[in-house]
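So the chains spell out like this:
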Amino acid sequence: MSVQADALQIKEVCIMLPDIKIRCITNRHLAVQDYFDQIRTIALAGPEAVIIREKDLKESEYEQLAARVIGICADYGVPCIVHGYPYAAVHLGAEAVHLPLWKLLDMPDWQKRLFSVIGASVHSKEEALLAQSAGASYLTAGHVFATDCKQGVPPRGLSFLKEVCMAVQIPVYALGGIHAGNAKECIQAGAAGVCVMSECMKRADLPRGVFNHWGSFAVKHF
């Protein structure tokens, strides 16, 4: 091989990217094994947190399910965030709750003070600013990419995510259609981390600790 030809060869080099914070969102309808076995699989994979989102349940049913999820995750040191039901969160002794924006706006100040972390779901820069002013600790913003959960609804894209991230001073977690191949684009757009649902609920074979280094390696071509 000539020197010139050798110089034209494409080389692949693995480079380190910052670890990506992963929050897993539950949906028992997507679980590929027993729901609580799936929760255990997720906890072993090492996410930053698990958001217990089972919004079709009545609050009493949700509270019973969430208690079991919190217990499983506690065994592996994974914190849980109660979704949608602040009264259930109080009964469960949860420090963190995630709410749709309208619930956050309706929440009285005395109830907000019961939680150290309050998340809110937003879909625009304006909603993000409202949530921040209402006392949100962090936001989820989506949906960024196309996802089966929002079939027929166009994704808002990375420009939307960047706009939200630039508008507020609290962490923003990207949501919707996110996987290991595109998560780093969300971080580059300003997100503090990403939320995944299908990537955690539809896999019974999640390797132990995979979310601790998810997307840490990328291949750069030279």
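Please read all numbers here as calculations on a predicted model, not as lab measurements. (Residues numbered from 1 in each chain as written. Predicted model: local features only at pLDDT ≥ 70, side-chain atom pairs only at ≥ 80, totals over all residues. Heavy atoms only, no water.)

Participant: It is not clear to me how helix 8 (residues 157-167) should be interpreted in this structure. Could you clarify?
Facilitator: Structurally, the α-helix is built with 3.6 residues per turn, so residues lying three or four positions apart point the same way. Restricting attention to buried positions, one finds in helix 8 the residues Gly157, Phe160, Leu161, Val164, Cys165 and Ala167. Along the axis of helix 8, the buried positions cluster into a sector of 165°, meaning they face one direction only. Those residues of helix 8 that are exposed and aimed more than 90 degrees away from the buried face are Ser159 and Met166. The inward-facing, buried residues of helix 8 abut strand 6 (117-122), helix 7 (125-133), strand 7 (138-142), strand 8 (172-175) and helix 9 (183-188). (Buried < 20%, exposed > 50% of the residue type's maximum accessible area, 1.4 Å probe, protein only. Helix = DSSP H or I, 4+ residues; strand = E, 2+ residues; numbered from the N terminus. Arc of directions from axis to C-beta. Contact = heavy atoms within 4.5 Å.)

Participant: What am I meant to see in the pairing of strand 5 (residues 96-100) here?
Facilitator: A regular strand places its side chains so that they alternate between the two faces of the sheet. Burial analysis of strand 5 places 4 of its 5 residues in the buried class, the great majority of the element. Summarising the sheet, strand 4 (residues 80-83) and strand 5 pair through 2 bridges and their orientation is parallel. Across the sheet, residue Val82 finds its bridge partner in strand 5, namely Val97. For the handedness criterion, the β-α-β arrangement of strand 4, helix 4 (residues 86-91) and strand 5 is classed as right-handed. (Pairing = 2+ DSSP bridges. Right-handed = clockwise from strand over helix to strand, strands pointing away.)

Participant: Would you take a moment to explain the sheet that holds strand 5 for this structure?
Facilitator: The sheet built from 8 strands closes into a barrel, its strands ordered 2-3-4-5-6-7-8-9 with parallel pairing. Each adjacent strand pair in this sheet contributes to an overall mean axis angle of 25°, direction not counted. Packing of helix 7 onto the sheet brings it into contact with strand 6 and strand 7, and relative to strand 6 it is tilted by some 160°. (Axes fitted to C-alpha atoms, helices over the stretch in contact; angles between N-to-C directions.)

Participant: Help me understand a nonpolar patch on the surface in this model?
Facilitator: On the surface, a cluster of nonpolar side chains totalling about 410 Å² of accessible area is made up of Tyr87, Val90, Trp110 and Leu114. With respect to the helices, strands and loops of the structure, Tyr87 is situated in helix 4. A relative accessible area of 48% means that Tyr87 is categorised as partly exposed. (Patch = residues over 30% accessible without salt bridge, like charges linked within 9 Å, V, L, I, M, F, W, Y side chains within 5 Å. Areas by Shrake-Rupley, 256 points an atom, 1.4 Å probe, with all protein chains shown as cover. Salt bridge = Lys/Arg side-chain N within 4 Å of Asp/Glu carboxyl O.)

Participant: Can you walk me through the packing of aromatic side chains in this structure?
Facilitator: The tally for this structure, following the rule as stated, stands at 3 aromatic pairs. Ring geometry for Tyr62 and Tyr85: centres 4.9 Å apart, planes at 50°, overall tilted. Of the two residues, Tyr62 is situated in helix 3 (residues 59-75) and Tyr85 in the loop between strand 4 and helix 4; the sequence distance between them amounts to 23 residues. Overall, Tyr62 belongs to the buried group, its relative accessible area being 0%. Looking at Tyr85, the relative accessible area reads 14%, which means it is buried. Measuring from centroid to centroid gives 5.8 Å for Tyr138 and Tyr173, while their planes differ by 80°, and the two rings are edge-to-face. A residue pair is termed long-range when its members are at least 10 positions apart, and Tyr138 in strand 7 and Tyr173 in strand 8 qualify at 35 residues. By the burial criterion, Tyr138 is buried, and Tyr173 matches it. (Phe/Tyr/Trp six-rings, centres within 6.5 Å; stacked < 30°, edge-to-face > 60°.)

Participant: Can you walk me through the environment of Ser133 in this structure?
Facilitator: Looking at the element boundaries, Ser133 is found in helix 7. For Ser133, a relative accessible area of 60% corresponds to the exposed category. Through-space distance from the C-alpha of Ser133 to that of Val168 is 9.5 Å; in sequence the pair is 35 residues apart. A polar contact is formed between the side chain of Ser133 and the backbone oxygen of Leu130, at a distance of 2.8 Å. (Polar contact = N/O pair within 3.5 Å; in protein donor to acceptor, adjacent residues only side chain to side chain.)

Participant: Explanation requested: unusual backbone geometry in the structure shown.
Facilitator: Apart from glycine, the bulk of residues carry a negative phi angle, and the bulk of peptide bonds sit in the trans form. Cis geometry marks the peptide bond from Gly142 to His143; its omega dihedral reads 0°. Looking at the element boundaries, His143 is found in the loop between strand 7 and helix 8.

Participant: Even after reading the chapter, I still don't get the nonpolar core, so can you show me in this structure?
Facilitator: Across soluble globular proteins, you tend to see nonpolar side chains buried next to one another. Counting residues in each nonpolar core, the largest one holds 72 residues, and the members touching the most others are Ile52, Val69, Leu139, Leu161, Ile178, Val194 and Phe211. A per-element tally of this core places helix 3 first, with 6 residues. Among residues more than four places away in sequence, those in contact with Val69 are Tyr35, Phe36, Ile39, Ile52 and Cys80. (Core = buried A, V, L, I, M, F, W, Y, C linked by side-chain atoms within 4.5 Å.)

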